[in-house]
Amino acid sequence: MFSDTQIQTLNPPQRLLMGPGPINADPRVLRAMSAQLIGQYDPVMTGFMNETMARYREIFKTKNEWTMLVDGTSRAGIEAVLCSILRPGDKVLVPIMGRFGHLLAEIAERVGAKVHTIEVPWGEVFTPEQIEKAIVDVKPHVLAMVQGDTSTTMNQPLEYIGDICQKHDVLFYCDATASIVGNDLPADEWKLDALSVGLQKCLGGPSGSAPLTLSDKCADWIQKRKKVEAGIRTAQHTDGTEPFVRSNYFDLGMIMNYWGEERLNHHTEATSMLYCASECARIVIEEGVDNCVARHKLHGDAMLTGIQALGLNVFGDLNHKMNNVVGVYIPEGINADHVRGQMLTDFGIEIGTSFGPLHGKIWRIGTMGYNARKDAVLQTLASLDACLHANGYKGPKGEAAIAALAHYK
């Protein structure tokens, strides 16, 4: 006999995910993921791969040939880039403004790089002068930094960093998982050499695929570390002149061979996630990348206006806040877990906690992807208003949704 738990149909509860990510996937993305599988060397499949590459060139605003997917969460994309561009002993500079700068530093350390860091307090960003001074002092092979860090809600300005890196012959890598298409990021104009993202934020999909793009300079460097597996190697394949990438799965040189004209086998493509990633990009392109950024700003500003109308204080430098997430100080005397718990159980709405030096001090509320829309903002503000006052809050009452509505007019 089977127990109920062994035969019960999967039926997760309905939630409105208004935290820092993941968010509710766009229904069109979920439909795309349910399409039937085809073989990885079917001409239709390779056509889908080429189409997906072209779509992400539009998303990243780049002409880079090597614009493709790494199968795995956004962290897989980060690890693939850092494994592939950093040799053991290479110097890397990581400016840290929150949790995910620490993540880049840890991955680079695990690769065997010599990691140098600079830091600003959580809630602040770096100036170009701070970045350039550190580059001059460290003389790194790679600068690795985060654009939008959801741990602090800050959006690091990047428009001058590429020029600094080119001036000093440094490869410039950015993780933009939380900021892509919610905030401006023209990869070619800002002279990024490598950029990786995930789907579960402003792109409106689930976690599980990591789109990335590589400049010609970066791709050429990776090719110098080329190593082809013995089981698929032919007489025409030669190894690179630099030490090979220590990871097999995250070797971007091999992944380039797989996505390129040779279609050299590397792994079995995660077909459903390919469909998913491609549809995420298609939806944004249909809207227009700039329009998508503007939508995130509109609804993010409405959320901010409502939060402030409740009398709540907002964390960090608002001049550099991400469009798609806001940090909200928990009012003194309010049980933060009780408020979040009631929002979830009574209203079906999830907002985020925090960690590191902000643990227990702020909530993080997101407006991103499919959830960057008017009704989701108003529902979240009304729910937060009600739950705060149900838990003893003495600030303004009934003002949040009204203020947001006025913002939309």
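Given the structure is predicted, the values throughout are model-derived calculations rather than measurements. (Residues numbered from 1 in each chain as written. Predicted model: local features only at pLDDT ≥ 70, side-chain atom pairs only at ≥ 80, totals over all residues. Heavy atoms only, no water.)

A. Main features of the overall build of the protein chain. A count of helices and strands for the protein chain gives 14 helices and 13 strands. Its C-alpha atoms give the protein chain a radius of gyration of 22 Å, within 12% of the compact-globule value 22 Å for 409 residues. Taken across its 409 residues, the protein chain has 56% of its residues classed as buried. Considering only intrachain contacts with a sequence separation of at least 6, the fraction spanning at least 24 residues in the protein chain is 72%. Surface accessibility of the protein chain: about 17600 Å² in total, with carbon and sulfur atoms responsible for 52%. Charged side chains in the protein chain number 38 positive and 47 negative. The centres of these two groups are separated by 2 Å. (Helix = DSSP H or I, 4+ residues; strand = E, 2+ residues; numbered from the N terminus. Rg over C-alpha atoms; globule rule 2.2 N^0.38 Å. Buried < 20%, exposed > 50% of the residue type's maximum accessible area, 1.4 Å probe, protein only. Contact = heavy atoms within 4.5 Å. Areas by Shrake-Rupley, 256 points an atom, 1.4 Å probe, with all protein chains shown as cover. Lys, Arg positive; Asp, Glu negative; His and termini not counted. Charge placed at Lys NZ, Arg CZ, Asp CG, Glu CD.)

B. Broad picture of the environment of G47. Secondary-structure assignment places G47 in helix 3 (residues 43-60). On the basis of relative accessible area, G47 is assigned to the partly exposed category, the value being 36%.

C. Fine view of the pattern of salt bridges. All chains considered together, the criterion is met by 17 salt bridges. A salt bridge links D26 to R28; the shortest N-O distance between them is 3.0 Å. Here D26 falls in the buried class, since its relative accessible area comes to 8%. Among the residues examined, R28 registers a relative accessible area of 30% and is labelled partly exposed. Salt bridges here are not isolated pairs; linked through shared partners, they connect D26, R28, E279, R282 and E286. (Salt bridge = Lys/Arg side-chain N within 4 Å of Asp/Glu carboxyl O.)

D. Main features of the pairing of strand 11 (residues 325-329). By the criterion of burial, strand 11 is predominantly enclosed, with four of the five residues buried. As judged from the five bridges shared by strand 11 and strand 13 (residues 362-366), these two strands associate in the antiparallel manner. The residue bridging V328 from the neighbouring strand is W363, located in strand 13. (Pairing = 2+ DSSP bridges.)

E. Representation of the environment of C280 in the model. Looking at where C280 falls in the secondary structure, it is placed in helix 10 (residues 271-287). Using a relative accessible area of 0% as the deciding quantity, one classes C280 as buried. Taking the C-alpha atoms as reference points, C280 and L192, separated by 88 residues in sequence, lie 22 Å from one another. In contact with C280, other than residues within four places in its own chain, are V29, Y56, L199, L203, G204 and G205.

F. Seen up close, empty space enclosed by the protein. Evaluation of the coordinates by the stated rule reveals one cavity of 30 Å³ or more. Here the largest cavity is characterised by a volume of approximately 30 Å³. Every residue lining the largest cavity is listed: L69, V70, D71, Y249, I255, H266 and H267. The element best represented in the lining of the largest cavity is strand 2 (residues 66-71), accounting for three residues. Here the lining of the largest cavity is composed, by residue class, of four nonpolar, two polar and one charged. (1 Å grid on protein atoms, 1.4 Å probe; cavity = no way out; pocket = protein on both sides within 12 Å on 5 of 7 lines; lining within 4 Å. Points joined across faces, edges and corners; volume = space filled by probe spheres on them. Nonpolar A, V, L, I, M, F, W, Y, C, P; charged D, E, K, R; others polar.)

G. Seen up close, the nonpolar core. Counting 96 residues, the largest nonpolar core has Y56, I59, L143, L203, L214 and L252 as its most contacted members. The element that contributes the greatest number of residues to this core is helix 10, accounting for eight residues. Excluding residues within four positions of it along the chain, L203 makes contact with Y56, I59, I180, V181, V197, G198, C280 and V284. Ranked by size, the runner-up nonpolar core spans 31 residues in total, among them M343, W363, L378 and C387. (Core = buried A, V, L, I, M, F, W, Y, C linked by side-chain atoms within 4.5 Å.)

H. Quick look at the side chain of Q156. Relative to the helices and strands, Q156 resides in the loop between strand 7 (154-155) and helix 7 (161-167). Here the side chain of Q156 touches F126 through a polar contact of 2.8 Å, landing on its backbone nitrogen. Not counting residues up to four positions away in its chain, the partners in contact with Q156 are M97, V125, F126, M145, V146 and Q147. (Polar contact = N/O pair within 3.5 Å; in protein donor to acceptor, adjacent residues only side chain to side chain.)

I. Broad picture of the sheet that holds strand 3 (residues 91-96). If you trace the seven strands from one edge of the open sheet to the other, you get 2-10-9-8-5-3-4, paired in mixed fashion. A strand with exactly one partner marks an edge of an open sheet, and here the two such strands are strand 2 and strand 4 (114-119). Each strand of the sheet is rotated relative to its neighbour by a mean of 20°, with strand direction disregarded. Relative to strand 5 (residues 142-146), strand 3 runs parallel, the two being bridged by two bridges. (Axes fitted to C-alpha atoms, helices over the stretch in contact; angles between N-to-C directions.)

Interpretation note: all reported values are geometric properties and have no functional meaning in isolation.
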